Amino acid sequence: MSSNASSQLKRKSMLSSAILNQALIQSLIKLNPVTMMKNPVMFVVEIGTFIVLLMTVMPGYFGTEDRVGFNFTVFLILLFTGLFANFAEALAEGRGKAQADSLKKSKQEITANKLTGSGIKAVPSTELRKGDIVKVSQGEMIPGDGEVIEGLASVDESAITGESAPVIKETGGDFNSVTGGTRVVSDSIKVRITSDPGESFIDRMISLVEGASRQKTPNEIALNILLTTLTLIFLIVVVTLGPIADYVGVELDVAVMIALLVCLIPTTIGGLLSAIGIAGMDRVTQFNVLAMSGKAVEAAGDINTIILDKTGTITFGNRMASEFVPVGAASLSELAAWAAISSVKDETPEGRSVLELMKKDHLPYDAALAAGGEFIEFKAETRMSGIDLTDGRRVRKGAVDAVIQWAQEQGGTVPADLKASGDAIASEGGTPLAVAMDGHIYGLIYLKDTVKPGMKERFDTLRKMGIKTIMCTGDNPLTAATIAREAGVDDFIAESKPEDKIAVIRKEQAAGKLVAMTGDGTNDAPALAQADVGLAMNSGTIAAKEAANMVDLDSDPSKIIEVVGIGKQLLMTRGALTTFSIANDIAKYFAIIPAMFMVAIPEMDALNIMALGSPLSAILSALIFNAIIIPLLIPLAMKGVAYRPMSSQKLLSRNLFIYGLGGVAAPFIGIKVIDLFVHLFI
Ligand SMILES: Nc1ncnc2c1ncn2[C@@H]1O[C@H](COP(=O)(O)OP(=O)(O)OP(=O)(O)O)[C@@H](O)[C@H]1O
Ligand SMILES: [K+]
Ligand SMILES: [Mg+2]
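As the structure is a computational prediction, the values presented were derived from the model and not from experiment. (Residues numbered from 1 in each chain as written. Chains lettered and ligands numbered in written order. Predicted model: local features only at pLDDT ≥ 70, side-chain atom pairs only at ≥ 80, totals over all residues. Heavy atoms only, no water.)

Draft legend 1. Structural view of the overall build of the protein. A tally of regular secondary structure across the protein gives 25 helices and 21 strands. Taking 26 Å as the expected radius of gyration for a compact globule of 682 residues, we find that the protein reaches 33 Å, considerably beyond that expectation. Relative to its 682 residues, the protein shows a buried fraction of 52%. Taking the contacts inside the protein whose residues are at least 6 apart along the sequence as the reference set, 70% of them involve residues at least 24 apart. In the form shown here, the protein has an accessible surface area of approximately 29200 Å², with 61% of it arising from carbon and sulfur atoms. Considering the protein, the positive charge centre built from 61 side chains and the negative charge centre built from 73 side chains are found 1 Å apart. (Helix = DSSP H or I, 4+ residues; strand = E, 2+ residues; numbered from the N terminus. Rg over C-alpha atoms; globule rule 2.2 N^0.38 Å. Buried < 20%, exposed > 50% of the residue type's maximum accessible area, 1.4 Å probe, protein only. Contact = heavy atoms within 4.5 Å. Areas by Shrake-Rupley, 256 points an atom, 1.4 Å probe, with all protein chains shown as cover. Lys, Arg positive; Asp, Glu negative; His and termini not counted. Charge placed at Lys NZ, Arg CZ, Asp CG, Glu CD.)

Rendered as C-alpha cells:
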C-alpha cells in the first residue's frame, strides 16, 4: 500500500466525475431483470415498462394504434423511473468502489523474511500462512497481519489510519498487533502471522468499502416486505378497477392503468432504500470507522446505553505524576525514591511519568538498586505494579486500597493520615497511587488527568437522545465520582475489573437495552463481543478487533458518541423517506383516478379538483412527478436528513409531521406545476 491510500477513507468529496460516469453506466447495467428482481417494487415498474414498450412497437397487435405517441411517452417516463432508482444505488456504491479500487491498486506483493528451521528465507507475502514467523527490519513493510512476539519497533501505519506519526509496537500488552502493508520505521521485530492470504485486514477493508459483503439488514428486509405487500395490494386494486370500469361501461387504457399502478406503489422509497443504507455505512467509513456490517451501524442508531472507560476516553488519559505526598513519618525524598524504584521498569504512561517527575524536581534515587530485580508488571486485576529486589525487599505502588491490603499482608500498619491524603487527591479528580516497601507505606503519588473539553455537552446531547452513559473505571470511587460529575455521565462503576464490564452489559441487555462500548485490550474482547455495538481501537489487540463489530482507525474511544449519531441518522433518514414516499402516493391517487374516468366520462370533470389541463396531461404529469422525485431526493438519501438530538418519541412525531405532511402536499404542487408545462404539448 502506498501512502496515497492513507487519505482515501477520509476523502470528503462526495462526487467526482469518474464516480458519476460509472454510476450512469451502472444504472443501465442494473436494468438486468435478474438484478431488478431483488427489488420487488422496482421490478414491477420494469415489467410495466416492458408491457408499454410492447404496446408502442406492436400497436396493431394490441389495438393501440391511436395511442402510439402517448404510450411511447409513458414508456420513456417509466424507463427513467427505473434508471433513476438504479442511479441512486450506483451513486451510493460509487465512492466505496472507487476507494476499494485504489486500495487494491496500492496493495502490492511484499517479500517476507520468513523464519525457517535453518534460518531466514525470502518468500512472497502471498505464501504466508497463519502461524508463520517473519522478521521485519527498519524500512521494510510488514508482510501480513500478526502479533509481535519479539522486539519493539516504531511502525508507520499511515497506510491504514491516515495518521503520519509512527506508533510503537511491542511484545505483550495491548500494543502488539501489527497490520500487513504498514512499514517499520525503526528497529526490528519478529511477527507471528495471524491471517491466511485473502483474509487480512486490508482485504476485509476492501470488501467492506466495496460493499461486496453487504447484506441487507433485518430492518431493511422488514421494510422491503412491507413495501412488497403494499405493491401487491395496489396491484390488486388496479386490476380490479378493470371489471368495475367494465361494469359502468368505461374502457380503461392499459398504459393508463400501468401509470396508475406505478404512481401508487412506493417507488420513491423503493428506489432510494438501498442507497440510504449504503450511504449510511459510507458516512461511518468517511469518519474513519470500519463497520463490519450494516447491521452494526443500524444497531448503533438504536443504542440505549453506552459503556465508557474513564482513562483515555473521558479524560485525556496521559495520567501524569504531578506531586509526591508523604504520609506518616516518611520524608518526601524517601517516598520519591521508592516510587522511582517501583517504576524503573514500568513502561505504562503512569510509570514513566513518575521518573519524569523525579527528573523535573531533581530528586535522587539509586537506580542500581533495581538492577537484577524482578519486575512486577501492572495488572488491572491487582491494580499494582512494582519490583522484587535482589536483596529480598519488595516494592509496590498502586491503587490505595490494593496497596493497603498488600502492606497489611506483609505485616505492616496503615499510617493514620493516608486515607485523608488519598481522599483529598481523589476528590479533585486525581488518582492517588500508594507507595509501599514491604509492610511500610511511604505516601502517595498524585496522578493528574483532565477531562477532555466538550465532554459535558456531548453527554448532554446523548441524554437528549435518551441514551444513558455509564463510566466504568478501575479507579477508586471518589476519583470516579469526581470525574463522573465533571464530565456529566449518568452513572459510574468504580474499582471495576475487566470482567465487571461484561456483567454491566449483560445486566442492561437483560433489561431489554441495546448496549455500545469501546475497548482495545484482549481483556475487553468478551465485552466487545457481548455488546450490540463493540467499537475496537485500531491500536488495540487482534482479539479485541476480531470481537468487535466496528474498528476505529483513529483509535479515539470517544468516537462511539458520533457513531451512535450516524446510526440514528441512518434510521431517521429511512423512516422519513418511507413516510414521505407513502404519503406521496396517496396524493397521486387524487390526481390520477379522476383523470382516468374523465377520459371515458367527461362529466366527471367535477372531480378535477387540481384543475389539471387535460386527463392525459394529468396522468403524464403525475407519472413524471413520480419519476423525478427520486433523483431530487438522492442528495437527502446520501447526506441523511438533518438531525437534532431528541428522544425517539419526539423525533418520530416530528418526522411524521414534516415528512408526512410534506409528502401529501408535495405532489399537489409538483403535479400542478408539471401539468402547466405538459399541457402546452398535449
Ligand atoms: N502503572 C501503574 N502502576 C500501579 N498502579 C497503577 C498503574 N496504573 C494504574 N494503576 C492503578 O490501578 C487502577 C486501575 O487501573 P486501570 O487501568 O485498570 O483503570 P483506570 O485506568 O483507572 O480506569 P479506566 O478503566 O477508565 O481506564 C488505577 O486507578 C490506579 O490506581
Ligand atoms: K410511486
Ligand atoms: Mg486504564
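Draft legend 2. Fine view of the sheet that holds strand 9 (residues 289–291). The 7 strands lie next to each other as 9-21-20-19-10-17-18, forming an open sheet whose pairing is mixed. Looking at which strands have only one partner, the edges of the open sheet turn out to be strand 9 and strand 18 (491–493). Going across the sheet, the axis of each strand differs from the next one's by a mean of 20 degrees, ignoring polarity. With 3 bridges joining them, strand 20 (residues 533–537) and strand 21 (residues 550–552) adopt parallel strand pairing. When the sheet's bridge partners are listed, leucine 535 is paired in strand 21 with methionine 550. (Pairing = 2+ DSSP bridges. Axes fitted to C-alpha atoms, helices over the stretch in contact; angles between N-to-C directions.)

Draft legend 3. Representation of the UniProt feature "binding site: ATP" (unreviewed entry) in the protein in the model. Listed under "binding site: ATP" (unreviewed entry) in the UniProt record, and renumbered for this structure, are Asp346, Glu350, Phe378, Lys379, Ala380, Glu381, Thr382, Arg383, Met384, Ser385 and Lys397. Relative to the assigned elements, lysine 379 resides in strand 12 (residues 374–379). Taking relative accessible area as the criterion, lysine 379 reaches 45% and is therefore assigned partly exposed. Relative to the helices and strands, arginine 383 resides in the loop between strand 12 and strand 13 (384–388). Look at arginine 383 and you get buried, because its relative accessible area is 16%. In this view, arginine 383 contacts Phe378, Lys397, Gly398, Ala399, Asp401, Ala402, Gly474 and Glu495; residues no more than four positions away in its chain are not counted. (UniProt positions renumbered as here; feature names shortened; annotations may be inferred.)

Draft legend 4. The arrangement of the domain arrangement of the protein in detail. Once the domains are mapped, the protein shows domain 1 (17–98 + 209–284 + 565–679), domain 2 (129–196), domain 3 (296–314 + 452–553) and domain 4 (325–445). Measuring from the centre of the C-alpha atoms in domain 1 to the corresponding centre in domain 3 gives 42 Å. Facing 15 residues of domain 1, the contacting portion of domain 3 comprises 10 residues. Summing both sides of the interface, domain 1 and domain 3 together bury roughly 1000 Å²; the carbon and sulfur share of this comes to 65%. (Domains from an automatic or database assignment. Buried area = accessible area lost by both parts, 1.4 Å probe.)

Draft legend 5. Region of the structure containing the environment of methionine 292. Considering the arrangement of structural elements, one finds methionine 292 in the loop between strand 9 and helix 11 (294–301). Sequence separation between methionine 292 and arginine 204 is 88 residues; the distance between their C-alpha atoms is 8.6 Å. Those residues in contact with methionine 292 that sit more than four places away from it in its chain are Arg204, Leu208, Ala548, Asn549, Met550 and Val551.

Draft legend 6. View of a nonpolar patch on the surface. A surface patch of nonpolar side chains, about 440 Å² in accessible area, is lined by Val57, Met58, Tyr61 and Phe62. Residue position: valine 57 is located in helix 3 (residues 40–57). (Patch = residues over 30% accessible without salt bridge, like charges linked within 9 Å, V, L, I, M, F, W, Y side chains within 5 Å. Salt bridge = Lys/Arg side-chain N within 4 Å of Asp/Glu carboxyl O.)

Draft legend 7. Representation of the coordination of the potassium ion (ligand 2) within the structure. Of the protein atoms, only Val262 (O), Cys263 (O), Ile265 (O), Thr267 (OG1), Asp585 (OD) and Asn626 (OD1) coordinate the potassium ion (ligand 2), at distances of 2.4 to 2.9 Å. Geometry at the potassium ion (ligand 2) is irregular, judged from its 6 donor atoms and the angles of 64 to 165 degrees they form at the metal. The sequence pattern describing where the donors of the potassium ion (ligand 2) fall on their chain is V-C-x1-I-x1-T-x317-D-x40-N. Of this pair, cysteine 263 sits in helix 9 (residues 254–264) while aspartate 585 sits in helix 23 (residues 560–600), and the two are 322 residues apart along the sequence. By relative accessible area, aspartate 585 is classed as buried at 3%. (Donors = N, O, S within 2.8 Å, 3.2 Å for Na, K, Ca; no water. Tetrahedral: all angles 85-135°; square planar, octahedral: opposite > 155°, others 65-115°.)

Draft legend 8. Just the nonpolar core, in detail. Counting 115 residues, the largest nonpolar core has Leu272, Ile306, Ile314, Phe459, Met550 and Met596 as its most contacted members. Among the elements that make up this core, the one with the highest residue count is helix 23 (16 residues). Mapping this core onto the domain boundaries places at least three of its residues in each of domain 1 (17–98 + 209–284 + 565–679) and domain 3 (296–314 + 452–553). Each residue touching phenylalanine 459, except ones within four places of it in the same chain, is listed here: Leu308, Ile314, Thr469, Ala487, Gly488, Val489 and Ile561. If you look at the next biggest cluster of nonpolar residues, it comprises 23 residues, including Ala330, Leu335, Ala340 and Val435. (Core = buried A, V, L, I, M, F, W, Y, C linked by side-chain atoms within 4.5 Å.)

Draft legend 9. Molecular detail of the pattern of salt bridges. With the rule as written, the count across this model stands at 28 salt bridges. For lysine 114, the salt bridge goes to aspartate 132, with nearest N and O atoms at 3.8 Å. Of this pair, lysine 114 sits in strand 1 (residues 111–116) while aspartate 132 sits in the loop between strand 2 (119–124) and strand 3 (133–136); the two residues are 18 residues apart in sequence, bridging distant segments of the chain. Residues participating in the shared-partner salt-bridge network are Lys30, Glu89, Glu93 and Lys97.

Draft legend 10. Structural view of the packing of aromatic side chains. One pass over the structure, following the stated rule, counts 5 aromatic pairs. Between the aromatic rings of tyrosine 61 and phenylalanine 62, the centroid separation amounts to 5.2 Å while the plane-to-plane angle is 75 degrees, which identifies the pairing as edge-to-face. Considering the side-chain rings of tryptophan 338 and tyrosine 442, the 6.2 Å spacing of their centres and the 40 degrees angle between planes classify their relative orientation as tilted. Of this pair, tryptophan 338 sits in helix 13 (residues 332–343) while tyrosine 442 sits in strand 16 (residues 440–448), and the two are 104 residues apart along the sequence. Just as tryptophan 338 is buried, tyrosine 442 falls in that class too. The cationic tip of lysine 545 hangs over the ring face of phenylalanine 201; the distance from NZ or CZ to the ring centre is 5.3 Å. A cation sits over an aromatic face here: lysine 559 above phenylalanine 287, 5.1 Å from the ring centre. (Phe/Tyr/Trp six-rings, centres within 6.5 Å; stacked < 30°, edge-to-face > 60°. Lys NZ or Arg CZ within 6 Å of the ring centre and 35° of its normal.)

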